[in-house]
2 protein chains.
Amino acid sequence: MDAPRDRQQRRVDTLRKLETEPDVWVATASGDGTPYLVPLSLAWDGRRVVVCAQRGSRTIDNLLRSGVARLGLGLTRDVVILEVVVSDSWPARDVPSAIADQFATRADWDPRRDPGDYIYVALEPRRIQAWRESNELSGRLLMRDGAWLD
Amino acid sequence: MDAPRDRQQRRVDTLRKLETEPDVWVATASGDGTPYLVPLSLAWDGRRVVVCAQRGSRTIDNLLRSGVARLGLGLTRDVVILEVVVSDSWPARDVPSAIADQFATRADWDPRRDPGDYIYVALEPRRIQAWRESNELSGRLLMRDGAWLD
């Protein structure tokens, strides 16, 4: 087991993961409390995670109804967990091009050129935790109420 | 992109993941529809995924109340998704030793020797999907209503 990282290092590593991981696990729930979980491509605009899926898919329905999700990034022994709220959503024809271009480059898939009916959703982190092994469970909280901890 | 695997190969790969992955992403939901997601150590008894967490943790509360979860195994570009139902749960003092021994060996952690108050939960898959990249989305369903498809 490596020595535990300090909070500053975890924040650096977390931002790198948000910028580079190919996919994010997106956990949502329906109104009757049924959990849902899928891996989705993501983009990061410096402040928000952006995902995209078909209109009417369970993830999109759950996100738009509840406004919340919990995200898992990285390997299970090098974990970032984010509690997020929906801050914006757009059909493909209305999505800002800076966001859609970044998404297309990173995902190697451009939903604007896909015949399906896609919705982009911007997810703003309110709480972030990051840890590798058990010796990093202490100090895993990096963001609370949307603010990075010093 | 590799050639898509046939169903038989995906089943073999899925069983290997159930036997060897160090952790599983466990998505649950509370009664008010708030999603929860954590990575947990797991064991596989040939039929059920076994996880363990503290009594009163959100995952245990959600599992015992709702009886359902959705699990994610593997890397996000080599994915197994399982819809599961709770088939059994035991406090550490009552867990069958075959299950607890297997869990301890695989997790390198024995909750029976831990001062916390732990609950083991056995999760039976009802539906399993496995895919790597977009060319494997077709044919990703491996189990339906608890039965492996031929």
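This one's a predicted model, so the numbers in the text were calculated from it and none came from an experiment. (Residues numbered from 1 in each chain as written. Chains lettered and ligands numbered in written order. Predicted model: local features only at pLDDT ≥ 70, side-chain atom pairs only at ≥ 80, totals over all residues. Heavy atoms only, no water.)

## A closer look at the overall build of chain A
In terms of helices and strands, chain A carries three helices and nine strands. Taking 15 Å as the expected radius of gyration for a compact globule of 150 residues, we find that chain A reaches 16 Å, a close match to that expectation. Over its C-alpha atoms, taken along the principal directions, chain A stretches across nearly 50 × 35 × 25 Å. Evaluated residue by residue, chain A yields a buried proportion of 50% over its 150 residues. Nonlocal contacts in chain A, meaning residues at least 24 apart in sequence, comprise 63% of its contacts between residues at least 6 apart. Surface exposure of chain A reaches about 6,900 Å², of which carbon and sulfur atoms provide 45%. For chain A, the separation between the mean place of its 22 positive charges and that of its 23 negative charges on side chains is 4 Å. (Helix = DSSP H or I, 4+ residues; strand = E, 2+ residues; numbered from the N terminus. Rg over C-alpha atoms; globule rule 2.2 N^0.38 Å. Buried < 20%, exposed > 50% of the residue type's maximum accessible area, 1.4 Å probe, protein only. Contact = heavy atoms within 4.5 Å. Areas by Shrake-Rupley, 256 points an atom, 1.4 Å probe, with all protein chains shown as cover. Lys, Arg positive; Asp, Glu negative; His and termini not counted. Charge placed at Lys NZ, Arg CZ, Asp CG, Glu CD.)

## Side note on the interface of chain B and chain A
On the side of chain A, 30 residues touch chain B, which itself brings 30 residues to the contact. Between chain B and chain A, roughly 2,300 Å² of surface is buried when both sides are summed, and carbon and sulfur atoms account for 65% of that area. Counting every contact that joins chain B to chain A gives two salt bridges. Of the charged contacts, one joins B:Asp23 and A:Arg77 as a salt bridge, the two residues approaching to 2.7 Å between their closest N and O atoms. Where chain B meets chain A, there are four residue pairs in polar contact (both at pLDDT 80 or more). Elements with a minimum of two residues in the side of chain B that touches chain A: strand E1 (23-29), strand E2 (35-41), strand E5 (68-73) and strand E6 (79-91) of chain B. Classifying every residue of the side of chain B that touches chain A by side-chain character gives 17 nonpolar, eight polar and five charged. (Buried area = accessible area lost by both parts, 1.4 Å probe. Salt bridge = Lys/Arg side-chain N within 4 Å of Asp/Glu carboxyl O. Polar contact = N/O pair within 3.5 Å; in protein donor to acceptor, adjacent residues only side chain to side chain. Nonpolar A, V, L, I, M, F, W, Y, C, P; charged D, E, K, R; others polar.)

## Topic: the relation of the copies chain B and chain A
Put simply, the two copies of the chain differ by a rotation about an axis and a shift along that axis. Once chain B is rotated about the relating axis by 180 degrees and shifted along it by 0.0 Å, it coincides with chain A to within an RMSD of 0.0 Å. Overall, the copies show the geometry of a two-fold rotation axis. If distances are taken from each C-alpha of chain B to the rotation axis, the shortest is found for B:Gly33, at 2.2 Å. Mapped onto chain A, 100% of the interface residues of chain B again fall at the interface, so both copies present the same surface. (Least-squares fit on C-alpha atoms with pLDDT ≥ 70 in both.)

## Regarding empty space enclosed by the protein
Gaps between atoms show up when a probe of the same size as a water molecule is rolled over them. Residues and elements named next belong to chain B. On inspection of all chains with the given rule, the structure shows one cavity of 30 Å³ or more. Put simply, the largest cavity is a space of about 30 Å³. Considering the residues around the largest cavity, the lining is formed by Arg5, Arg10, Asp13, Thr14, Lys17, Asp78, Val79, Val80 and Ala130. Listing elements by their share of the lining of the largest cavity, those giving two or more residues are helix H1 (7-20) and E6. Considering each element in turn, the lining of the largest cavity owes the most residues, four residues, to H1. Residue composition of the lining of the largest cavity, grouped by class: three nonpolar, one polar and five charged. (1 Å grid on protein atoms, 1.4 Å probe; cavity = no way out; pocket = protein on both sides within 12 Å on 5 of 7 lines; lining within 4 Å. Points joined across faces, edges and corners; volume = space filled by probe spheres on them.)

## Description of the packing of aromatic side chains
Residues and elements named next belong to chain A. Going through the model one piece at a time under the given rule, you end up with six aromatic pairs over all chains. An angle of 65 degrees between the planes, with centres 6.0 Å apart, marks the rings of phenylalanine 103 and tryptophan 109 as edge-to-face. Members of the aromatic cluster, connected to one another through ring pairs, are Phe103, Trp109, Tyr118 and Tyr120. The lysine or arginine in question, arginine 140, covers the ring of tryptophan 131, its NZ or CZ lying 5.8 Å from the ring centre. (Phe/Tyr/Trp six-rings, centres within 6.5 Å; stacked < 30°, edge-to-face > 60°. Lys NZ or Arg CZ within 6 Å of the ring centre and 35° of its normal.)

## Quick word on helix H3 (residues 97-107) of chain B
Residue and element names in this part refer to chain B. Taken as a whole, H3 has its buried residues at Ile99, Ala100, Phe103, Ala104 and Ala107. Within H3, the buried residues cover an arc of 130 degrees as seen down the axis, which keeps them to one side. Seen from the buried face of H3, the exposed residues on the opposite side, beyond 90 degrees, are Ala98 and Thr105. Among the structural elements, E2, strand E3 (43-44), strand E4 (49-54), E6 and strand E7 (118-131) are those in contact with the buried residues of H3. (Arc of directions from axis to C-beta.)

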